[in-house]
Amino acid sequence: RVEHPAGGYKKLFETVEELSSPVTAHVTGWIPTWLRGSLLRCGPGLFEVGAEPFYHLFDGQALLHKFDFKEGHVTYHRRFVRTDAYVRAMTEKRIVITEFGTYAYPDPCKNIFSRFFSYFKGVEVTDNALVNVYPVGEDYYACTETNFITKINPDTLETIKQVDLCKYVSVNGATAHPHVENDGTVYNIGNCFGKNFSLAYNIIRIPPLQADKEDPMNKSEVVVQFPCSDRFKPSYVHSFGLTSNYIVFVETPVKINLLKFLSSWSLWGANYMDCFESNETMGVWLHVAEKKKGRLLNIKYRTSAFNLFHHINTYEDNGFLIVDLCTWKGFEFVYNYLYLANLRANWDEVKRQAEKAPQPEARRYVLPLNIDKADTGKNLVTLPYTTATATLRSDETIWLEPEVIFSGPRHAFEFPQINYKKYCGKPYTYTYGLGLNHFVPDRLCKLNVKTKETWVWQEPDSYPSEPIFVSHPDALEEDDGVVLSIVISPGTGPKPAYLLILNAKDMSEVARAEVEVNIPVTFHGLFKRA
């Protein structure tokens, strides 16, 4: 087990300046000639405005990063996304919009009367697009998890415009993990007000760009609606599963208290984090719908409590759905442990906090699709290669027990990526993840989900980001290609950060491209081929 007493990870949470133009990176090793395009990634880059700090990992203002690969040369560029939250903060030199874990105080310049009236305006929802970037038609959007997404230029990193999803489709927000099919169709999920004022979850579909070149956003539609376990309290949803024929939605016990969310935050200085609570008795409910017909399967899958942020992959096999997940055991919200004060603490304190947090485990659940009442009391899973079970109970619910595919004490396999273009929604073998050691990202890991074999890249005092798999153009095998990750190594010499290129077969280093600036934490992103 690797230790981090020097605390170099604190550099992940330090404010940086944007660049006015791209800088050249210093390459060691050889960059594959076939690797042409841009790695685009999002994360926080401004952790305070003047003297006012942001408090949570998901509060810092969105910074968009790009590593460009061309003929073996690499450049690095970054710009802040010009969201309303950022522009208004820059203009007023204070935090203006309430973020995930930071309350924005009312304007100190306003008099008592205008302050009084602003209590009734309701919440101004943040558009701080710090989580991910994804394509819609020919456009690219940076996003968080609210109804606002931000159109950006993937070449210059300039901000084009803010888009409000509510204007197109009936959702209160959408996840930062849409599924993008090979024809360009985009699926996402968000909570909504369903029938008779109860909460529900809508799956939305945005079609690919058509010959008429009209913005596909105008043609977005709701495909199917999942019910909510509690009509007033939707679960927090961060991602979902998709195969050729099915949509899988995992409803966890981390709940949003809408009464708190909709009440006047400014009266009690609240933020988004204050609106979460855990349902300690429900466990986890899984829901399945047929993708093409938009029909809900009336099967009630149940299992014990966990937090879920990232689906690894989902596929169909012989009347079963295989659902691979990065879980955190228990119903306490993992985000409670992601305040910047926790993450910036000294190593012993970081470890002490993580001891108390929910424990990570990568798991495989198997959901039977054909149910026969005669099998009550039996395990319905007949696939030879898994130990996961699904037991039909007398109340007609199906109790699931997982197969563990990765587990290490306080060592998470997280931010999972796969060979998405060829294997999303299909039987697959490999996933690549970021290894979190007591929440500190300190290694890259490849996992064979069939044999549970792992390959690890790790260096002392080096802190990587989510690994992105890029397939070789003439790939014959699932893992023919490279893995890209942004690494910071603050302790070592003048070059504090680099883009790392690994051989996806064995996670050995192919090349690195070093830059002379620090790069703070990034969450998600994509490789855009040239």
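This one's a predicted model, so the numbers in the text were calculated from it and none came from an experiment.

## A closer look at the side chain of R443
Turning to step 1, where the next piece is worked out: Topologically, R443 is positioned in strand β31 (residues 440–448).
Turning to step 2, where the next piece is worked out: A polar atom in the side chain of R443 sits 3.4 Å from the side chain of D442.
Turning to step 3, where the next piece is worked out: In this view, R443 contacts F406, H411, A412, G433, L434, G435, L436, N437, V456, W457, Q458 and P464; residues no more than four positions away in its chain are not counted.

## Side note on the sheet that holds strand β28 (residues 403–406)
Turning to step 1, where the next piece is worked out: Ordered by their spatial adjacency, 4 strands build an open sheet running β23-β24-β25-β28, and the pairing between neighbours is antiparallel. Unpaired on one side and paired on the other, β23 (306–317) and β28 mark the two borders of the sheet. Mean inter-strand twist for the sheet, computed between neighbouring axes without regard to direction, equals 30°.
Turning to step 2, where the next piece is worked out: In the sheet, strand β24 (residues 320–329) pairs with strand β25 (residues 360–368) via 9 bridges, with the strands oriented antiparallel. When the bridges of β25 are listed, D324 appears paired with R364.

## Side note on helix α1 (residues 84–92)
Turning to step 1, where the next piece is worked out: Listed as buried for α1 are A85, Y86 and A89. Take α1 and look down its axis: the buried residues cluster within an arc of 95°, on one side only.
Turning to step 2, where the next piece is worked out: Buried-residue contacts for α1 involve β3 (37–46), β4 (48–49), β6 (61–70) and β7 (73–80).

## Some details on the packing of aromatic side chains
Turning to step 1, where the next piece is worked out: Applying the stated criterion across every chain yields a total of 32 aromatic pairs.
Turning to step 2, where the next piece is worked out: For the pair Y315 and Y428, a centre-to-centre distance of 6.2 Å together with 80° between the ring planes defines the contact as edge-to-face. Of this pair, Y315 sits in strand β23 while Y428 sits in the loop between α7 (420–423) and β30 (430–437), and the two are 113 residues apart along the sequence. Take Y315 and Y428: they sit in the same class, and that class is buried.
Turning to step 3, where the next piece is worked out: The interplanar angle of 70° and the centroid separation of 6.1 Å between the aromatic rings of Y430 and W455 together place this pair among those described as edge-to-face. Separated by 25 residues along the polypeptide, Y430 in strand β30 and W455 in strand β32 (residues 454–457) bring together distant segments of the chain.
Turning to step 4, where the next piece is worked out: Judged by relative accessible area, which is 17%, Y430 ranks as buried.
Turning to step 5, where the next piece is worked out: Look at W455 and you get buried, because its relative accessible area is 18%.
Turning to step 6, where the next piece is worked out: Three or more aromatic residues link up through ring pairs in this structure, and these residues are F58, F100, Y236, F261, W265, Y272, F276, F309, F333, Y335 and F523.
Turning to step 7, where the next piece is worked out: Sitting over the ring of W285, R302 keeps its end group 3.7 Å from the ring centre.
Turning to step 8, where the next piece is worked out: The lysine or arginine in question, K446, covers the ring of Y430, its NZ or CZ lying 4.2 Å from the ring centre.

## Quick look at the pattern of salt bridges
Turning to step 1, where the next piece is worked out: Tallying each qualifying case throughout the model produces 34 salt bridges.
Turning to step 2, where the next piece is worked out: The partner of D212 in a salt bridge is K219, and the shortest N-O contact between them spans 3.1 Å.

## Side note on the nonpolar core
Turning to step 1, where the next piece is worked out: Ranked by internal contacts, the top residues of the largest apolar core, which has 104 residues, are F67, F69 and L484.
Turning to step 2, where the next piece is worked out: Residues in contact with F67, not counting those within four places in the same chain, are G37, S38, L39, V74, T75, Y76, I486, L499, A513, V515 and I519.
Turning to step 3, where the next piece is worked out: One finds Y246, L297, L367 and L380 within the second-largest nonpolar core, a separate group that totals 41 residues.

## Considerations on empty space enclosed by the protein
Turning to step 1, where the next piece is worked out: Considering all chains together, one arrives at 6 cavities of 30 Å³ or more under this definition.
Turning to step 2, where the next piece is worked out: Taken as a whole, the largest cavity holds about 80 Å³ of empty space.
Turning to step 3, where the next piece is worked out: Along the walls of the largest cavity sit Y9, F13, Y337, N342, L343, V350, Q353, A354, H438, F439, V440 and P441, which together make up its complete lining.
Turning to step 4, where the next piece is worked out: Residue assignment for the lining of the largest cavity shows that the elements contributing at least two residues are α5 (340–343), α6 (347–356) and β31.
Turning to step 5, where the next piece is worked out: In terms of residues, the lining of the largest cavity owes the most to one element, α6, which gives 3 residues.
Turning to step 6, where the next piece is worked out: Residue composition of the lining of the largest cavity, grouped by class: 9 nonpolar, 3 polar and no charged.
Turning to step 7, where the next piece is worked out: Approximately 50 Å³ is the volume found for the second largest cavity.
Turning to step 8, where the next piece is worked out: Along its surface, the second largest cavity is lined by W328, A354, P358, Q359, P360, R410, A412, L436, H438 and F439.
Turning to step 9, where the next piece is worked out: Residue composition of the lining of the second largest cavity, by class: 7 nonpolar, 2 polar and 1 charged.

## Let's talk about the UniProt feature "binding site: Fe cation" (unreviewed entry) in the protein chain
Turning to step 1, where the next piece is worked out: UniProt's entry tags H177, H238, H310 and H524 with the feature "binding site: Fe cation" (unreviewed entry), counted in the numbering of this structure. With the annotated positions falling across 348 residues, the maximum pairwise C-alpha distance of 12.6 Å places them together in a single cluster.
Turning to step 2, where the next piece is worked out: By the element assignment, H310 lies in strand β23.
Turning to step 3, where the next piece is worked out: If sequence neighbours within four positions are ignored, H310 has contacts with H177, H238, S239, L325, C326, E414, F415, P416 and H524.
Turning to step 4, where the next piece is worked out: Polar side-chain contacts of H310 include one of 3.3 Å to the side chain of H238.
Turning to step 5, where the next piece is worked out: In this structure, H524 sits in strand β37 (residues 524–529).
Turning to step 6, where the next piece is worked out: Residue H524 is classed as buried on the basis of its relative accessible area, which comes to 4%.
Turning to step 7, where the next piece is worked out: The contacts of H524, once residues within four sequence positions are left out, are L40, R41, C42, V131, N132, H177, H238, H310, F415 and E466.
Turning to step 8, where the next piece is worked out: Among the polar contacts made by the side chain of H524, one reaches the side chain of H177 at a distance of 3.1 Å.

Rules used in this analysis
Residues numbered from 1 in each chain as written. Predicted model: local features only at pLDDT ≥ 70, side-chain atom pairs only at ≥ 80, totals over all residues. Heavy atoms only, no water. Helix = DSSP H or I, 4+ residues; strand = E, 2+ residues; numbered from the N terminus. Polar contact = N/O pair within 3.5 Å; in protein donor to acceptor, adjacent residues only side chain to side chain. Contact = heavy atoms within 4.5 Å. Pairing = 2+ DSSP bridges. Axes fitted to C-alpha atoms, helices over the stretch in contact; angles between N-to-C directions. Buried < 20%, exposed > 50% of the residue type's maximum accessible area, 1.4 Å probe, protein only. Arc of directions from axis to C-beta. Phe/Tyr/Trp six-rings, centres within 6.5 Å; stacked < 30°, edge-to-face > 60°. Lys NZ or Arg CZ within 6 Å of the ring centre and 35° of its normal. Salt bridge = Lys/Arg side-chain N within 4 Å of Asp/Glu carboxyl O. Core = buried A, V, L, I, M, F, W, Y, C linked by side-chain atoms within 4.5 Å. 1 Å grid on protein atoms, 1.4 Å probe; cavity = no way out; pocket = protein on both sides within 12 Å on 5 of 7 lines; lining within 4 Å. Points joined across faces, edges and corners; volume = space filled by probe spheres on them. Nonpolar A, V, L, I, M, F, W, Y, C, P; charged D, E, K, R; others polar. UniProt positions renumbered as here; feature names shortened; annotations may be inferred.

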